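# Coordinates in review
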Amino acid sequence: MDFEFTEEQRLLKESVDRFITAEYGFEQRKQYAKERDGWSRAVWRRFAELGLLGLPFPETHGGFGRGPVELMIVMEAFGRALVLEPYFSTIVLGGDALCRALSSDLQASLIPQIAAGEMTLGFAWMERQSRYNHADIKTTAKKDGSGWRLSGEKTLVLHGDSADKLIVTARVGGAQRDREGIGVFLVDAKAEGVERRGYPTQDGLRAAEIVFNNVRLDDIDLLAAPEQGYAFVAEMIDAAMAALCAEAVGVMSVMQETTVEYLKTRQQFGRPIGQFQVLQHRAVDMLIALEQARSMAIYATMMVEEENPTERRRAMCAAKAQIGRSGRKIGEEAIQLHGGIGMTMEYKVGHYFKRMTMLDRQFGDAEFHIAALADMGGLIAA
Amino acid sequence: MDLSFTPEELAFREKARQFFRTEIPQAIRDKVAEGRHLSRDDIVTAHRIMNAHGWAVPHWPREWGGQDWSPVQIYFYQDEMQQACVPPPLPFNVNMVGPVIAAFGNEAQKNYFLPKIANIDLWFCQGFSEPGAGSDLASLRTSAKRVNGYYVVNGQKTWTTLAQYADWIFCLVRTDPSAKKQEGISFLLIDMKTPGITVRPIQTIDGGREINEVFFDDVKVPVENLVGEENKGWDYAKFLLSNERTGIARVGISKERIRRIKQLAAAERIGDIPLIEDRRFREKLVAVEIELKALEMTQLRIVAAERTRPKGKPDPASSILKIKGSEIQQATTELLMDVVGPYVLPYREEREDGWNEPPIGPDYAAAAAPTYFNWRKISIYGGSNEIQRNIIAKAILGL
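Residues numbered from 1 in each chain as written. Chains lettered and ligands numbered in written order. Predicted model: local features only at pLDDT ≥ 70, side-chain atom pairs only at ≥ 80, totals over all residues.

## Points about the overall build of chain A
Applicable threshold: Secondary structure elements are defined from DSSP: runs of H or I of at least 4 residues count as helices, runs of E of at least 2 residues count as strands, and each element is numbered from the N terminus. Exposure classification rests on a simple neighbour count of other C-beta atoms within 10 Å of a residue's own: a residue reaching 20 or more is buried, one at 12 or fewer is exposed, and one in between is partly exposed. C-beta atoms are placed from the backbone. What counts as a contact is two residues whose backbone-derived C-beta atoms lie within 7 Å of each other.
Regarding its fold elements, chain A presents 11 helices and 10 strands. By principal-axis analysis of the C-alpha atoms, chain A measures approximately 80 × 55 × 40 Å. Relative to its full complement of 382 residues, chain A shows a buried share of 52%. Put simply, of all contacts in chain A between residues at least 6 apart along the chain, 74% involve residues at least 24 apart.

## Quick word on the domain arrangement of chain B
Residues and elements named next belong to chain B. Where we set the bar: Residue ranges assigned to the domains are those given by an automatic or database domain assignment. Basically, the charged four are Asp, Glu, Lys and Arg, the nonpolar ten are Ala, Val, Leu, Ile, Met, Phe, Trp, Tyr, Cys and Pro, and anything else, Gly included, counts as polar.
What the domain assignment lists for chain B is domain 1 (7-89), domain 2 (122-231) and domain 3 (245-395). Facing 15 residues of domain 1, the contacting portion of domain 3 comprises 18 residues. Contributing elements (two or more residues each) for the side of domain 1 that touches domain 3: α2 (26-34) and α4 (71-83). Here the side of domain 1 that touches domain 3 gets eight residues from one element, more than from any other, and that element is α4. Each residue belonging to the side of domain 1 that touches domain 3 can be placed in one class, and the counts come to six nonpolar, six polar and three charged.

## Things to note about the packing of helix α5 (residues 87-99) of chain A against helix α7 (residues 229-265) of chain A
All names here are of chain A. Stated precisely, the cut-off is as follows: Geometry is summarised by axes, namely lines fitted to C-alpha atoms with helices restricted to the contacting stretch, and by angles between N-to-C directions that run from 0 to 180 degrees. To sort the angles, those under 35 degrees are grouped as roughly parallel, those over 145 as roughly antiparallel, those from 65 to 115 as roughly perpendicular, and the leftovers as oblique. Working rule for handedness: look at the near helix, and if it is turned counterclockwise from the far one by less than a right angle, call the crossing left-handed; if clockwise, right-handed.
Running from N to C, α5 and α7 cross one another at 140°; their axes reach a closest spacing of 9 Å. As the angle between them shows, α5 and α7 are arranged oblique. In the crossing of α5 with α7, the sense of the turn from one axis to the other is right-handed. Side by side, α5 and α7 meet where F88, V92, L93, D96 and A97 of the first sit next to E235, M236, A239, A240 and A243 of the second. Its residues assigned to classes, the contact of α5 with α7 comprises eight nonpolar, no polar and two charged.

## Things to note about the nonpolar core
For clarity, the cut-off: A set of buried residues drawn from Ala, Val, Leu, Ile, Met, Phe, Trp, Tyr and Cys, joined through C-beta atoms within 7 Å, is what defines a nonpolar core.
If you look at the biggest cluster of nonpolar residues, it comprises 238 residues, and the most contacted ones within it are A:F185, A:C245, A:A283, A:M296, A:A297, A:A300 and A:A319. When residues of this core are assigned to their parent elements, the largest contribution, 22 residues, is made by α7(A).

## Overview of the environment of B:P99
Residues and elements named next belong to chain B. Relative to the helices and strands, P99 resides in helix α5 (residues 91-104). Overall, the presence of 25 C-beta atoms within 10 Å leaves P99 in the buried class. Residues P99 and L114, 15 residues apart in the sequence, show an inter-C-alpha distance of 8.9 Å. When near neighbours in sequence (up to four residues on either side) are disregarded, P99 contacts W60, L240 and N243.

Listed below in structure tokens is the structure:
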């Protein structure tokens with residue numbers, strides 16, 4: 001048992017932290033957000049230079065072959081900076097999908113482009129009726145000669161408006177909520193029949209509603225065979241949840257630190273308000289919530305490569321639920337303990353609160369995961 | 001970063017599991033599992049089996065029976081003991097007075113007391129709190145005046161757990177009333193049979209009689225029973241309270257209780273379904289399980305960090321373990337009451353010779369409410385959760 005980073009991991013952390021400090025301050029982020037895509041292409045190129053975009057990909061395709069711990073390091077740092085760029089969609093979700101894609105030709109053509117910063121991805125899985133159930137799919141893909149025809153509507157596609165390619169789940173067989181008959185496709189976002197409507201999200205990112213009208217796909221675009229589609233996506237989502245937990249820990253830790261700093265400097269009644277015990281104890285409870293969340297983010301990271309999908313899922317549900325609960329507590333307390341300034345857009349803590357609130361909703365909120373884990377019998381065998 | 005344990009560590013865990021489950025009598029472990037009180041004999045029996053095996057005082061210095069275990073081994077030892085429902089070696093002996101004597105006592109004291117403490121040939125109780133000195137312990141007033149080779153002790157201690165079984169008491173007493181309050185305190189060992197000592201039981205809200213008041217009325221204590229230097233007792237008390245902090249999360253106890261809750265809730269029916277299938281009940285249970293898993297990870301992180309910390313310097317993060325650990329343990333006692341439902345109602349006085357009358361309702365019901373009531377204490381003793389928050393605010397947050 002060891003919670004230390006390796007030398008290489010430590011260097012990665014230093015390099016990401018240094019970049020964030022120098023080039024991703026709160027004011028710089030505001031400028032990036034004003035760019036056409038809602039994020040900065042220049043920053044994306046810097047990610048490529050730093051090697052962050054090749055992190056999870058195999059070395060044979062120009063990547064670095066790194067695992068969940070490295071993604072945890074990057075995502076926590078990105079959480080601390082509220083990074084706007086589509087790293088999660090492209091590298092975490094897309095990276096996991098592409099590393100396991102059926103076609104090695106597809107890997108050979110796409111991975112180098114992604115690692116070089118020339119291509120971003122979006123993951124279009126959710127539909128109006130599906131909530132957090134990734135098996136609930138109405139979008140269809142029908143066999144058409146040597147390819148497929150894709151039709152349907154996907155919603156809340158993170159960074160879907162700027163993505164070059166979309167990973168799309170579609171029903172190739174079975175009924176609407178069946179776990180069988182789910183195809184996973186890679187779709188060119190500019191292909192004929194793809195209509196995208198982009199919009200800003202509550203936390204300052206971008207998402208899109210996407211309609212597919214009889215879009216023509218080739219066989220090579222099928223990332224996972226229909227009999228494996230459900231498990232393929234489940235694995236993507238599990239890895240993504242671990243990364244989101246790490247990002248959330250970054251977000252929470254800034255809220256916690258900022259609040260403690262504020263308690264030390266804000267003067268009322270002739271003294272720093274941090275001298276009042278009622279506030280001290282609330283700050284302590286924020287710290288405890290953060291440490292519990294950090295523990296579960298580490299646990300989730302360690303469980304990403306667990307091969308038993310049920311055990312892996314249990315861990316992810318538990319972690320995401322803890323993150324959701326800790327995040328809500330820390331966020332609400334951060335605003336309250338700051339008082340009026342916490343309510344303003346000009347001060348940073350509100351932006352973290354908003355991001356945390358949205359992170360809880362990605363791939364299932366705390367209540368959803370508590371219920372899911374309860375359905376699996378919990379963590380401890382009777 | 002690696003959550004797996006070495007084969008040697010896992011082999012140790014298995015050895016601990018086997019030892020606790022085969023060597024400690026089932027009847028004693030059943031009592032702990034069911035939330036019943038242990039007799040003096042139960043506690044002594046379990047303690048002596050562990051000591052015969054060299055496992056009562058593993059964290060002591062090697063020359064006094066310690067094992068030089070790694071933090072991971074200590075963690076497994078505690079976790080397996082707790083999950084096996086084994087009563088721990090008497091904490092007043094092995095975690096409190098023993099390490100203080102080993103660190104600050106003279107050779108004669110070490111030679112006389114340490115083997116007897118390790119084997120519970122002498123049962124110690126703790127004389128710290130007083131009616132006017134709880135969280136503000138340093139304001140204690142029990143006095144010890146030096147007269148002709150004796151300390152003459154006058155005053156009162158309270159919340160003295162199991163004083164009715166004790167042979168000796170270790171006390172904080174005021175030896176210099178003119179000094180600043182932390183600086184006039186000494187650490188004395190007192191034979192409970194000394195004339196002038198009166199023990200009065202205090203019944204707690206669960207109906208139990210674990211705690212007592214201890215009165216000292218001109219009690220003559222030989223000066224050789226002073227531990228360390230006169231007026232340095234506060235330092236020794238701080239050392240004592242900082243000992244063995246990672247075990248206080250008591251994750252193993254909560255794990256075992258959750259298992260028990262699941263078993264009982266599978267048998268208990270609510271309408272047409274087992275209680276465990278009731279959505280609201282099991283979601284409440286799962287929420288506690290998640291917090292417990294997080295706490296276990298937090299504990300492991302602190303255990304791992306311990307390897308690189310100077311010995312005797314506790315991590316203030318261990319206060320997190322105390323707060324969260326007690327909250328979770330208390331939550332499990334609430335869940336146990338939820339399982340029992342209406343049958344928490346009948347009160348049955350517990351007697352050391354057991355119960356003879358037939359149970360009212362299910363046989364596991366009688367302990368549910370008393371356990372819930374009794375467990376309110378764990379967020380109060382050993383530095384209340386509010387004091388723990390003060391420690392974190394100061395030592396970690398710098399407030």
